[in-house]
There are 4 protein chains.
Amino acid sequence: MAFSYTRTIRLADTDAAGVVFFARTLAICHEAYEEAIASAGIDLRNLLGAADVIVPIAKSEAEYLRPLRVGDKVRIPVVPAALSANAFAIRFEIVKLGPPEKVAARVRTEHVCTSLAKRERVAMPAAVAAWVAAR
Amino acid sequence: MAFSYTRTIRLADTDAAGVVFFARTLAICHEAYEEAIASAGIDLRNLLGAADVIVPIAKSEAEYLRPLRVGDKVRIPVVPAALSANAFAIRFEIVKLGPPEKVAARVRTEHVCTSLAKRERVAMPAAVAAWVAAR
Amino acid sequence: MAFSYTRTIRLADTDAAGVVFFARTLAICHEAYEEAIASAGIDLRNLLGAADVIVPIAKSEAEYLRPLRVGDKVRIPVVPAALSANAFAIRFEIVKLGPPEKVAARVRTEHVCTSLAKRERVAMPAAVAAWVAAR
Amino acid sequence: MAFSYTRTIRLADTDAAGVVFFARTLAICHEAYEEAIASAGIDLRNLLGAADVIVPIAKSEAEYLRPLRVGDKVRIPVVPAALSANAFAIRFEIVKLGPPEKVAARVRTEHVCTSLAKRERVAMPAAVAAWVAAR
């Protein structure tokens, strides 16, 4: 069963159109990713440069299906999948809690494992590979 | 006992110095305020213009005492106090969970109740006054 | 010739990895869109609900090719294209100024004209259609 | 004459109340600071940890006097002043361009020069001291 993150939409997520600013949708999914890997025992700081292998986002795609407003409660399932020995993708849905529940957005990100020392793609760190394989 | 909000520091809260960007500290405290009034049964949307009386922030002060990093867990007690019939202040602390616990920031905001129709200061809505008085 | 927006990368755009946070890349492109339509005489406030037809973003795609750091200067050409009578896409590049110049990101957004009153897709407002056709 | 930074208010600066989110006011002033020190030949990256002395913000105060909306043009004069050998303050005004011009916000920040190696307050770097003294 996929890891899910829950979140309340905050005023700082919204813009003058009264709904979540589109780019904030991706930031909210990144929070879900941070929580998912933390729950798998992975320290995000290692992936940001504390260890040699960083995992930057190479691509993102998003569909914005329904507006989200301040105070809305959302659940975000996080589903990773390997793309190669060096890269993985994550699928997110932002589900507005109900009743009835409705999918407000779908987001997909691609992450490429990169060695800071070698400046090239390298294999996923073991903990990341285990997290990706477990789903 | 004061309402407290708990939160994990997210990558989007940080900047290239490796710690929380100072202005995000205030945004994080506003989340705590949103959660505090929601727990008191107040709908934030009414205070944003859905009802006649809005409650904009007139002043803020902050002391940044210790850096916060991605993954840090914080607890934020929220303590409101009336300033007049029309205005209230809120004191926040951002306490980095330990052990040992340490106060990372102190923030104070002032909120002034304003009628959109009359374009002048008006008395606090009853629900807001009750929330302010209860603490 | 395409409209271009120039911008300096700010500390608030970056995260603890030392580079621009991926979702900020889309926010920076949205600034370029705001400036492009303003330079075409279109008032963004009308597209946010002041007039009946709003133009929400339905999809976004982004490729993050090179890291951007605080102080970097970027140029962002903005190239709209009609998708139908009701919808248009915009292609953005974030070009890091040089020498040598390098493309740091490519972003594409889709915008769907929607009537607030009718709650359905409607034709692009004339000023928007003219802007899209001019490029 | 004080350095001034000009800026257009962007959609991402606003929230669902239709105006600039209070904490973004401080972020906008920080942009003005970044531009002011860059124009004085100071590389912000050095103050973020590339050199030994960092200059974190220890305090901030803000008065939010008038709402700012998307598309508004603002001018932000930046006025530093020494507080001691180790610390300086900056006063900002966010002036909404007119006619008539109106002050929308006043912000003050305090910055304390700190050695990463010594973990204590140290004298301002010469370039920073010169910038502070010149105004």
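Residues numbered from 1 in each chain as written. Chains lettered and ligands numbered in written order. Predicted model: local features only at pLDDT ≥ 70, side-chain atom pairs only at ≥ 80, totals over all residues. Heavy atoms only, no water.

> Teacher, can you tell me more about the interface of chain C and chain A here?
How big an interface is tends to be reported as the loss of accessible area on association of its parts. Residue-level contacts link 17 residues of chain C with 17 residues of chain A. Summed over the shared surface of chain C and chain A, the number is zero salt bridges. Our count for the chain C to chain A interface comes out at six residue pairs in polar contact (both at pLDDT 80 or more). When residues of the side of chain C that touches chain A are traced back to their parent elements, those giving at least two are α1 (22–39) and β3 (57–64) of chain C. Examining the composition of the side of chain C that touches chain A, we find that eight residues originate from one element, β3(C), more than from any other. Residue classes in the side of chain C that touches chain A are distributed as 11 nonpolar, three polar and three charged. Relative to β3(C), strand β3 (residues 57–64) of chain A is paired through five bridges, and the arrangement is antiparallel. Across the sheet, the residue bridging to K59(A) is E63(C), located in β3(C). (Contact = heavy atoms within 4.5 Å. Salt bridge = Lys/Arg side-chain N within 4 Å of Asp/Glu carboxyl O. Polar contact = N/O pair within 3.5 Å; in protein donor to acceptor, adjacent residues only side chain to side chain. Helix = DSSP H or I, 4+ residues; strand = E, 2+ residues; numbered from the N terminus. Nonpolar A, V, L, I, M, F, W, Y, C, P; charged D, E, K, R; others polar. Pairing = 2+ DSSP bridges.)

> Can you walk me through the relation of the copies chain C and chain A in this structure?
The operation relating the pair of chain copies consists of a rotation about an axis and a translation along that axis. Overlaying chain C on chain A yields an RMSD of 0.0 Å, the required transformation being a rotation through 180 degrees with an accompanying axial translation of 0.0 Å. Such a combination of rotation and displacement between the chain copies is what one expects of a two-fold axis. No C-alpha of chain C lies nearer the rotation axis than that of E61(C), which sits 2.2 Å from it. Taken together, the interface assignments show that 100% of the residues at the interface of chain C recur at the interface of chain A, consistent with an identical surface on both copies. (Least-squares fit on C-alpha atoms with pLDDT ≥ 70 in both.)

> Is there a simple way to think about the packing of aromatic side chains in this case?
What characterises a pair of aromatic rings is the spacing of the ring centres plus the angle enclosed by the ring planes. A complete count under the given rule lists 16 aromatic pairs over all chains for this structure. Ring centres 5.2 Å apart and planes at 75 degrees place the aromatic pair F21(B) and F22(B) in the edge-to-face group. Ring plane angle 75 degrees and centroid distance 5.9 Å describe the contact between F22(B) and Y64(B), whose orientation is recorded as edge-to-face. Here the residue F22(B) occupies a position in helix α1 (residues 22–39), and Y64(B) occupies one in strand β3 (residues 57–64), the gap between them amounting to 42 residues. Aromatic rings pair up to connect F21(A), F22(A) and Y64(A) into one cluster. (Phe/Tyr/Trp six-rings, centres within 6.5 Å; stacked < 30°, edge-to-face > 60°.)

> How do you make sense of the sheet that holds strand β2 (residues 53–54) of chain D when you look at a structure like this?
By way of backbone hydrogen bonds, the strands of a sheet pair with one another, either parallel or antiparallel. All names here are of chain D. As summarised here, the arrangement of the three strands in space is β2-β7-β8, forming an open sheet in which the pairing is antiparallel. Single-partner strands in this sheet number two, and they are β2 and β8 (120–121). Bridge count for strand β7 (residues 114–115) against β8 is two bridges, and the pairing is antiparallel. Residue pairing across strands places S115 opposite E120, the latter belonging to β8.

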